[in-house]
Amino acid sequence: MAKLLNNPSRIILSFIFNLQFIHMHDHSKLIETFFKAFSVRDFNTMKSLAKSSIVYYDPLYGYLNEEDVFLMWESRYSKKDFTLNYHDIKDEGDGYFTVKIEVDYFLRKMIRQDMKAYFKIENGFIAEYSHGFSVHQLCKQEYGLLGNLLGWNRLIQHRIKNDARRELLAYKSELTK
């Protein structure tokens, strides 16, 4: 202990390391709280954890901004039975985190999406959130053999993406009535 106190640079490095650990721990807790809220469909809590200017991306919906992000989550998951599991929250540095997630839900049949989530945390809020998954794999699960044979095709993927966007727009217009 005496050696540590006699060396100011060690004290400073120790302090910085502890601050970074606490900071990372707070961000991990933020992400855990987000996924816990997601798993019980608590969209208000999810919204409170994100910046109002949040940017979202996934291969199905493309880029969404601000209110459309929250509407997409509500439209996609509010009426469906689903389970969500998350693990391996990793600090990638500069406020970026990755998380592995699995989502099971029912469309025409049971679908399991394994994906990686990417977060950018700024000032204690989620500023960016994106998913990485294969649209082809999603087609294969949803449409079986036909999805496996044609799901790689850009025209088919484009149609599926447009359908998802149309559903979001329909949900949005339903709320404004």
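All residue numbers refer to position in the chain's written sequence, counted from 1. Only residues with pLDDT of 70 or above have their local features reported here, since the model is predicted, and side-chain atom pairs are shown and tallied only from 80 upward, although totals for entire chains, interfaces and linings are computed over all residues. Where side-chain values are given, they derive from all heavy atoms of the structure, hydrogens and water being excluded.

Asker: What exactly am I supposed to notice about the nonpolar core here?
Answerer: Soluble globular proteins tend to pack their nonpolar side chains together in the buried interior. Phe34, Phe35, Phe38, Trp73, Phe119, Ile126 and Tyr129 are the most contacted members of the largest nonpolar core, which totals 43 residues. Any pair of residues with heavy atoms lying within 4.5 Å of one another is described as a contacting pair. Setting aside residues no more than four positions away along its own chain, Ile126 makes contact with Leu30, Phe34, Leu49, Ala50, Lys51, Ile54, Phe119, Lys120 and Ile121. Among the buried residues, those of types Ala, Val, Leu, Ile, Met, Phe, Trp, Tyr and Cys that are joined through side-chain atoms within 4.5 Å form a nonpolar core. Only protein chains enter the accessibility calculation, which uses a 1.4 Å probe. A residue is then buried if its area is under 20% of the maximum for its type, exposed if over 50%, and partly exposed in between.

Asker: Could you clarify how one ought to interpret the environment of Cys139 in this entry?
Answerer: Strands here mean DSSP runs of E at least two residues long; helices mean DSSP runs of H or I at least four residues long; both are numbered from the N terminus. Within the secondary structure, Cys139 sits in helix H5 (residues 135-150). Accessibility expressed as a relative area gives 2% for Cys139, which makes it buried. The spatial distance from the C-alpha of Cys139 to the C-alpha of Trp152 is 8.4 Å, given a sequence separation of 13 residues. Setting aside its immediate chain neighbours within four residues, Cys139 contacts Gly144, Gly147, Gly151 and Ile160.

Asker: Before we go on, may I ask you to explain the side chain of Asp104 in this structure?
Answerer: Note that Asp104 resides in strand S4 (residues 96-106). Here a polar contact is taken to be a pair of N or O atoms separated by no more than 3.5 Å, where protein atoms must pair a possible hydrogen donor with a possible acceptor and residues adjacent in sequence count only if both atoms sit in side chains. Among the polar contacts made by the side chain of Asp104, one reaches the side chain of Arg112 at a distance of 3.1 Å. Once residues within four sequence positions are removed from consideration, Asp104 is found in contact with Asp81, Phe82, Thr83, Met110, Ile111 and Arg112.

Asker: Just checking my understanding: could you explain the pattern of salt bridges for this structure?
Answerer: Oppositely charged side chains are able to pair whenever their charged atoms sit close together. When a carboxyl oxygen of Asp or Glu is within 4 Å of a side-chain nitrogen of Lys or Arg, the pair counts as a salt bridge. Applying the stated rule across the entire model yields eight salt bridges. The salt bridge involving Lys47 is made with Glu67; its shortest N-O contact spans 3.2 Å. Remark: Glu67 occurs in helix H4 (residues 67-77) and Lys47 occurs in helix H3 (residues 43-48); sequence separation between them is 20 residues. Residue class for Lys47 comes out partly exposed when judged on its relative accessible area of 36%. For Glu67, a relative accessible area of 39% translates into the label partly exposed. Asp88 is the salt-bridge partner of Lys100, the closest N and O atoms lying 3.9 Å from each other. On the criterion of sequence distance, the pair formed by Lys100 in strand S4 and Asp88 in strand S3 (residues 82-93) is long-range, its members being 12 residues apart.

Asker: Would you mind going over unusual backbone geometry with me for this structure?
Answerer: A negative phi angle is the norm for most residues apart from glycine, just as the trans form is the norm for most peptide bonds. Non-glycine residue Arg41 carries a positive phi angle of around 60°. Note on placement: Arg41 falls in the loop between helix H2 (8-39) and H3. Look at Asp94: it is not a glycine, yet its phi comes out positive at around 55°. Within the secondary structure, Asp94 is located in the loop between S3 and S4.

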